[in-house]
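# Residue-level structural notes
Each chain, written out:
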Amino acid sequence: MTILRDISIFWAMFHVIFLFLMLFRSRFTRKRTIVAAVLGMGFLMTANGIGLVLVGFDTLAKLFLFTCSIPSFVFFYVMSADKRFRFLLSFCLADTTCLWVMAVTNLMDYYLGGGKYVLLLVSRLIAFPLLEYLAWRYLRKPYLELQKEVKKGWGTFAGMTMLYYILLVIVVQFPTNIVERPEDMFLCVLVLLLMLFNYGTIFTALYRQLLVYREQQRARNLLEQKNLLETQLENQQRIRKMKHDMKGYTATLSGLLSDGKMEEALTYLKGVEAEMDVLRAQFCGNPYVNAVFIHYAEKFEEIEADCRMDVQIGGEDLPYMDLCRILTNGLENACDALKGLEQEKRKVSVRMKYNRDHLVLRIKNKCREDLHVRQGMLPVTDKEGSEHGFGLITVQEAVERLNGEMFCYTEDGDFVLDVMIPCRTF
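Of the regular secondary structure elements, the protein chain holds eleven helices and five strands. Expressed as a percentage of its 426 residues, the buried residues of the protein chain come to 42%. For the protein chain, contacts bridging at least 24 residues in sequence account for 72% of all contacts bridging at least 6. Total accessible area computed for the protein chain in this model is approximately 23,600 Å², and 62% of it derives from carbon and sulfur atoms. With 50 positive and 48 negative side-chain charges, the protein chain shows a separation of 6 Å between the mean positions of the two kinds.

The next subject is the packing of aromatic side chains. Taken as a whole, this structure holds 15 aromatic pairs when the rule is applied. When the ring of F87 is compared with that of F91, the centres are 6.1 Å apart and the planes differ by 25°; the resulting orientation is stacked. Residue F87 and its partner F91 are located together in helix α4 (residues 84-112), separated by four residues, close to a single helical turn. Take F87: its relative accessible area is 1%, and that puts it in the buried class. Classification of F91 by relative accessible area gives buried; the value is 8%. Among the aromatic residues, those joined into a ring-pair cluster are F20, F24, F73, F75, F76, Y77, F87 and F91. The ring of Y77 carries the charged tip of K83 above its face, separated from the ring centre by 4.6 Å.

Quick look at α4 now. With 29 residues, α4 extends 41 Å from end C-alpha to end C-alpha; this agrees with the ideal 42 Å at 1.5 Å per step. Positive backbone phi, at 75°, marks G114, one or two positions downstream of α4.

The subject of this paragraph is the nonpolar core. Formed by 41 residues in total, the largest nonpolar core has its most connected members in V289, F293, F300, I326, M352 and V419. If you list the elements that add at least two residues to this core, you get α9 (287-302), β1 (306-312), α10 (320-339), β2 (347-355), β3 (358-366), α11 (390-401), β4 (405-411) and β5 (414-422). If you tally residues by element for this core, the top one is α10, at eight residues. Among all residues touching F293, those that are not within four sequence positions of it are F283, M309, V311, L327, L331, V350 and M352. Formed by 32 residues, the second largest nonpolar core is a distinct cluster that contains C92, L99, C188 and M195.

To continue, consider α9. Compared with the 22 Å implied by 1.5 Å per residue over 16 residues, the 23 Å span of α9 between its first and last C-alpha is a close match. Within α9, the full set of buried residues consists of V289, N290, A291, V292, F293, I294, H295, Y296, K299 and F300. Once α9 finishes, E304 follows within two positions and takes phi at roughly 55°, a positive value.

Here the structure, examined in full by the defined rule, presents 13 salt bridges. One salt bridge connects D322 with R325, and the closest N-O pair in it is separated by 2.8 Å. Here D322 pairs with R325, and both are found in helix α10, just three residues apart, close to one helical turn. The class of D322 is buried, set by a relative accessible area of 14%. One salt bridge in this structure joins D370 and R368, with 2.9 Å as the shortest N-O distance. Look at D370 and you get exposed, because its relative accessible area is 54%. Put simply, R25, D82 and R86 are held in one network by salt bridges that share partners.

Thresholds applied
Residues numbered from 1 in each chain as written. Predicted model: local features only at pLDDT ≥ 70, side-chain atom pairs only at ≥ 80, totals over all residues. Heavy atoms only, no water. Helix = DSSP H or I, 4+ residues; strand = E, 2+ residues; numbered from the N terminus. Buried < 20%, exposed > 50% of the residue type's maximum accessible area, 1.4 Å probe, protein only. Contact = heavy atoms within 4.5 Å. Areas by Shrake-Rupley, 256 points an atom, 1.4 Å probe, with all protein chains shown as cover. Lys, Arg positive; Asp, Glu negative; His and termini not counted. Charge placed at Lys NZ, Arg CZ, Asp CG, Glu CD. Phe/Tyr/Trp six-rings, centres within 6.5 Å; stacked < 30°, edge-to-face > 60°. Lys NZ or Arg CZ within 6 Å of the ring centre and 35° of its normal. Expected span 1.5 Å × (residues − 1). Core = buried A, V, L, I, M, F, W, Y, C linked by side-chain atoms within 4.5 Å. Salt bridge = Lys/Arg side-chain N within 4 Å of Asp/Glu carboxyl O.

Below, the structure is given as structure tokens:
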């Protein structure tokens, strides 16, 4: 009847891989990932099958860490989009969960099925698909979202799962299978129960992290909407003022023309045109992008900051939604940072132009002397201190949607935000 045991082992190995793929973010396309997994894991399972025939179950069980776990770890690590602790947690989570199911079904078969392996096979045929359904239904979506958005805090959880994996392997398999060591049975049951509470703690903590992230995302979106609404309101007020002023301009021009004062009327008309240009503050031909620049030019003027804008784009058909999101959050961060500085240090410059095949944006502003940001890192938010923070995450997300690149860093007392967006995007 050992054939039933062997079938159940290969059934379990297949589902370990399947469960891991559900929680795994590959850096390759779905098709390439599936093909690579089938070929690579197929070879590994075949090799272990041959080993099972040659050396037997007990010997292979002791070597399983080296014949399957470590090779599969290296294989998937190369393919993974997540590195270090995020990958380690996902790998150990899938392996330990499946190892837990194998240990429990093994004990059930020994004590309830007489060790005939019939119950072992039947229980595993049911348990693994049920486990995958629960993981797909309740775990996969939030877990993948966490891996994508939460960059820190994975080390402790990864260490816990790795230690439990090692502990479970030792308790169940060393020096012999647990069913041959009745004196250690109570210890094994305690370890199995403790793992349930351990994983419950991990999932609860991860879910709370997800809730915190979503709340931060919601706060960023609300702030962004507030800034855009303020921009629209100010533009409407400016238009109403222009309409009101036009009545006075029209009356004056009508009076001059009625009196035949053509030269005076022409001079007055040029003055009106100059004033209208000031009111319009035409930075570029795109009305949406221009509105954002107008709004923040006035905000910088309110805090008496030295603002220099060099905008060299026209009225092209730009992806203005994401572009306005980038500008709004970048300029809002700069404005917040300048508010905390002394008057003479409030300086900001904005450059936006085309550079070969890219639309290039640079926002550069003075910042606190104790702020140090290395290129490739995002500073931590500190709203009480009015510093750069959540807005940069929103900028990064918008840039990624446009297939562009974002860099931020501090240099000689300045905070620099660089954005490059390929022109083929629009």
